[in-house]
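So you can see what is in the structure, the chains are spelled out below.
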Amino acid sequence: MNSLDEKYWDPLNFYKNAKINSKKIKNSINDLRFNYDKIMVCGKATNNHPDFYPRFATTSTDIESELYVLVDHTFSQKESIKRSGNYALSIIVHPLTVQKIENLGGKIFWFSPEYLENNLPKIVSGKFPKGNSGLTALSLASFFGAKQILLSGINLSAKNYAQFLDGKDIVFSNILNDNKKIFSLDGILAEKISFEDWCQM
């Protein structure tokens, strides 16, 4: 089903997945440690990402990453999941996605959208019901205490990503109101900066 179809965003699917996944929770994002002032967040809008540590990436971004991030409640991302490593997953992701990550030897650290009642850490992924993994990665970078976040390949400019722009405003507002800064390599969603200048800040 196309993500532009409103049926795709039926919250009943979120709750169904969360109920199944709640039985598999062993670790949450509280069990991760990223004590860095700078974190780079990568998306699939470009194939070229600078080499930086640490960097978070959506699962559809084909790079090595310290943390892979996913909030998709469907199984549409299955082909892009091909690595072991650390995964930050929303409790609403499709259970078959969880199974594939486990089969690859990946380690899962759970979080929850703010509208579900549970004991997991709450992370804002956008405007309900349309969560976005790239925006979630920004929220996670802020959650882990990064004071400066660099966007690489996250610009929401593709046609099917325009639906997440309202959610972008929410996520950016939360981060900026916490006196943190967001920069971008392409200058589309945030202040443009070169990778070299960002590293020297």
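Just above sits the structure.
Residues numbered from 1 in each chain as written. Predicted model: local features only at pLDDT ≥ 70, side-chain atom pairs only at ≥ 80, totals over all residues. Heavy atoms only, no water.

### Quick word on the layout of surface pockets
Reasoning step 1: For the largest pocket, the calculated volume is near 700 Å³.
Reasoning step 2: Lining the largest pocket are 45 residues, with Gly131, Asn132, Ser133, Tyr161 and Phe164 positioned closest to its centre.
Reasoning step 3: Those elements giving two or more residues to the lining of the largest pocket turn out to be strand S6 (126–127), strand S7 (130–131) and helix H3 (133–143).
Reasoning step 4: The residue makeup of the lining of the largest pocket, split by class, is 18 nonpolar, 22 polar and five charged. (1 Å grid on protein atoms, 1.4 Å probe; cavity = no way out; pocket = protein on both sides within 12 Å on 5 of 7 lines; lining within 4 Å. Points joined across faces, edges and corners; volume = space filled by probe spheres on them. Helix = DSSP H or I, 4+ residues; strand = E, 2+ residues; numbered from the N terminus. Nonpolar A, V, L, I, M, F, W, Y, C, P; charged D, E, K, R; others polar.)

### Comments concerning the sheet that holds strand S1 (residues 38–42)
Reasoning step 1: Spatially, eight strands are ordered S5-S4-S3-S2-S1-S8-S9-S10 in an open sheet, and the strand pairing comes out parallel. At either end of the open sheet lies a strand with only one pairing partner, and these are strand S5 (107–111) and strand S10 (191–192).
Reasoning step 2: Pairing of strand S8 (residues 148–152) with strand S9 (residues 181–184), which is carried by four bridges, proceeds in the parallel orientation. Paired with Gln148 across the bridge in S9 is Lys181. (Pairing = 2+ DSSP bridges.)

### Examining the nonpolar core
Nonpolar side chains in soluble globular proteins generally cluster together in the buried interior.
Reasoning step 1: Core analysis: the largest hydrophobic core is formed by 49 residues, its most contacted members being Ile29, Val41, Phe56, Leu67, Leu89, Leu138 and Leu140.
Reasoning step 2: In terms of residue count, the dominant contributor to this core is H3 (five residues).
Reasoning step 3: If we skip the residues at most four places from it in the chain, Leu138 touches Val41, Ile149, Leu151, Ile154, Val171, Phe172, Ile175 and Ile182.
Reasoning step 4: Of all hydrophobic cores here, the second largest spans 10 residues; its members include Cys42, Phe52, Ala57 and Ile63. (Core = buried A, V, L, I, M, F, W, Y, C linked by side-chain atoms within 4.5 Å. Buried < 20%, exposed > 50% of the residue type's maximum accessible area, 1.4 Å probe, protein only. Contact = heavy atoms within 4.5 Å.)

### Considering the side chain of Thr59
Reasoning step 1: On the secondary structure map, Thr59 appears in the loop between strand S2 (55–58) and strand S3 (67–70).
Reasoning step 2: When near neighbours in sequence (up to four residues on either side) are disregarded, Thr59 contacts Tyr68, Val69, Leu70, Gln77, Ser80, Ile81 and Tyr87.

### What about empty space enclosed by the protein?
Reasoning step 1: Under the counting rule described, the total for this entry stands at one cavity of 30 Å³ or more.
Reasoning step 2: Taken as a whole, the largest cavity encloses approximately 50 Å³ of empty space.
Reasoning step 3: The residue makeup of the lining of the largest cavity, split by class, is three nonpolar, three polar and two charged.

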